Amino acid sequence: MQKTFCVIGGDARQQAAARALRRAGYTVLGPEGAGKAAYLLLPMPSDAVTPELAAVFAAARPGALALGGRVGPDVQAAARAAGLELEDYFRRPELASLNAVPTAEGCLCLLMQLRDRTLWQSPILVLGYGRVGRAVARRLAALGAWVTVAARSPEQRANARCAGCRAAALDQLPRLLPGFDAVVNTIPAPVLTRTELACLPAGALVIDLASSPGGTDFAAAKDLGVRTEHALSLPARCAPQTAGELVADTVLTILQERGKLP
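What counts and how
Residues numbered from 1 in each chain as written. Predicted model: local features only at pLDDT ≥ 70, side-chain atom pairs only at ≥ 80, totals over all residues. Heavy atoms only, no water. Helix = DSSP H or I, 4+ residues; strand = E, 2+ residues; numbered from the N terminus. Buried < 20%, exposed > 50% of the residue type's maximum accessible area, 1.4 Å probe, protein only. Areas by Shrake-Rupley, 256 points an atom, 1.4 Å probe, with all protein chains shown as cover. Lys, Arg positive; Asp, Glu negative; His and termini not counted. Charge placed at Lys NZ, Arg CZ, Asp CG, Glu CD. Core = buried A, V, L, I, M, F, W, Y, C linked by side-chain atoms within 4.5 Å. 1 Å grid on protein atoms, 1.4 Å probe; cavity = no way out; pocket = protein on both sides within 12 Å on 5 of 7 lines; lining within 4 Å. Points joined across faces, edges and corners; volume = space filled by probe spheres on them. Nonpolar A, V, L, I, M, F, W, Y, C, P; charged D, E, K, R; others polar. Salt bridge = Lys/Arg side-chain N within 4 Å of Asp/Glu carboxyl O. Pairing = 2+ DSSP bridges. Right-handed = clockwise from strand over helix to strand, strands pointing away.

Caption draft 1: Highlighting the overall build of the protein chain. Summing up its helical and strand segments, the protein chain has eleven helices and eleven strands in all. Seen along its three principal axes, the alpha-carbon backbone of the protein chain occupies a region of about 60 × 35 × 35 Å. Counting over 262 residues, the protein chain shows a buried share of 47%. Just so you have it, the protein chain exposes about 12100 Å², and 53% of that area is on carbon and sulfur atoms. Of the side-chain charges in the protein chain, 28 are positive and 22 negative, and the distance between the mean point of each set is 4 Å.

In structure tokens:
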């Protein structure tokens with residue numbers, strides 16, 4: 001039992017995580033094996049108690065460790081009621097940092113698919129310079145895009161300049177936006193409201209990478225004719241093999257820190 005995982009969810013990322021756990025020497029079962037498992041690997045996001053998840057929790061042994069990503073309050077409550085330990089692996093800073101890579105690559109893929117220009121010599125505005133903003137801006141600059149980073153923090157703006165990008169404060173958006181037909185938002189707060197969106201040139205594209213509800217007023221964008229893409233879960237969509245392996249590596253690190261690995 002101590003070397004057994006129950007993996008819930010059958011998307012490509014979960015399948016890749018299951019394969020990585022098998023390579024690490026674990027027995028991996030599906031939801032039907034919940035009662036035999038020491039560890040439950042929940043999908044990401046784990047924000048709702050689906051019928052499958054409810055059945056797994058009902059069958060799991062009290063004291064089993066459930067590991068999920070972006071675990072919502074309903075799932076937390078259900079896990080407690082079932083007598084399970086619960087840890088959110090997406091809170092681990094190493095996974096958040098590594099996940100920025102497939103997120104950035106997926107963003108570049110969308111920019112190339114949804115536009116009719118090269119990234120090279122394209123002026124592109126990146127909002128925010130956290131983990132994802134840095135990963136996006138650096139890759140765009142490496143491909144020859146003319147990247148401007150808008151960030152609230154003076155330190156982030158300085159770091160963007162050190163990386164070869166232009167930088168501006170967020171309160172300058174109304175002045176900046178007319179010069180960009182491609183904007184990538186990474187800030188999980190309202191930054192592209194109707195006022196800002198109205199400043200964009202005709203045909204502009206906004207790719208919003210921020211977690212729900214994003215930082216863009218999508219209803220206003222539709223009214224104004226601004227093309228938008230709320231690109232959630234890009235690692236699972238664009239690089240599920242890598243994303244699953246990163247989840248498995250993080251989970252194994254958690255077990256090692258808990259003294260659960262031999």
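Moving on from the coordinates now.
Caption draft 2: Focus on the nonpolar core. In this structure, Leu111, Leu140 and Val149 are the most contacted members of the largest nonpolar core, which totals 27 residues. Within the residue set of this core, elements represented by two or more residues are α4 (93-114), β6 (123-127), α5 (131-142), β7 (146-151), β9 (182-185) and β10 (205-208). A per-element tally of this core places α4 first, with six residues.

Caption draft 3: Up close: the layout of surface pockets. Space inside the largest pocket adds up to approximately 580 Å³. Lining the largest pocket we find 27 residues, and of these Arg70, Phe90, Val132, Leu209 and Ser211 sit closest to its centre. Listing elements by their share of the lining of the largest pocket, those giving two or more residues are α4, α5 and α10 (234-238). Counting residues per element, the lining of the largest pocket draws most heavily on α4, at four residues. For the lining of the largest pocket, the class distribution of residues is 15 nonpolar, nine polar and three charged. Approximately 150 Å³ is the volume found for the second largest pocket. In terms of lining, the second largest pocket is formed by Pro45, Asp47, Arg70, Ser211, Ser212, Leu232 and Ser233. A per-class count over the lining of the second largest pocket returns two nonpolar, three polar and two charged.

Caption draft 4: A look at the pattern of salt bridges. The full count for this structure, using the stated rule, is nine salt bridges. Arg92 serves as the salt-bridge partner of Glu94, at 3.0 Å between the closest nitrogen and oxygen. As a salt-bridge pair, Arg237 and Glu229 come within 3.9 Å of each other at their nearest N and O atoms. For Arg237, a relative accessible area of 46% corresponds to the partly exposed category. Given the relative accessible area of 24%, Glu229 is considered partly exposed. One salt-bridge network, in which partners are shared between bridges, spans Glu85, Glu87 and Arg258.

Caption draft 5: Main features of the pairing of strand β5 (residues 85-88). Pairing geometry for strand β4 (residues 65-68) and β5, over four bridges, is parallel. Along β5, the bridge assignment pairs Leu65 with Glu85. Note on the crossover from β4 through helix α3 (residues 73-81) to β5: the handedness is right-handed.

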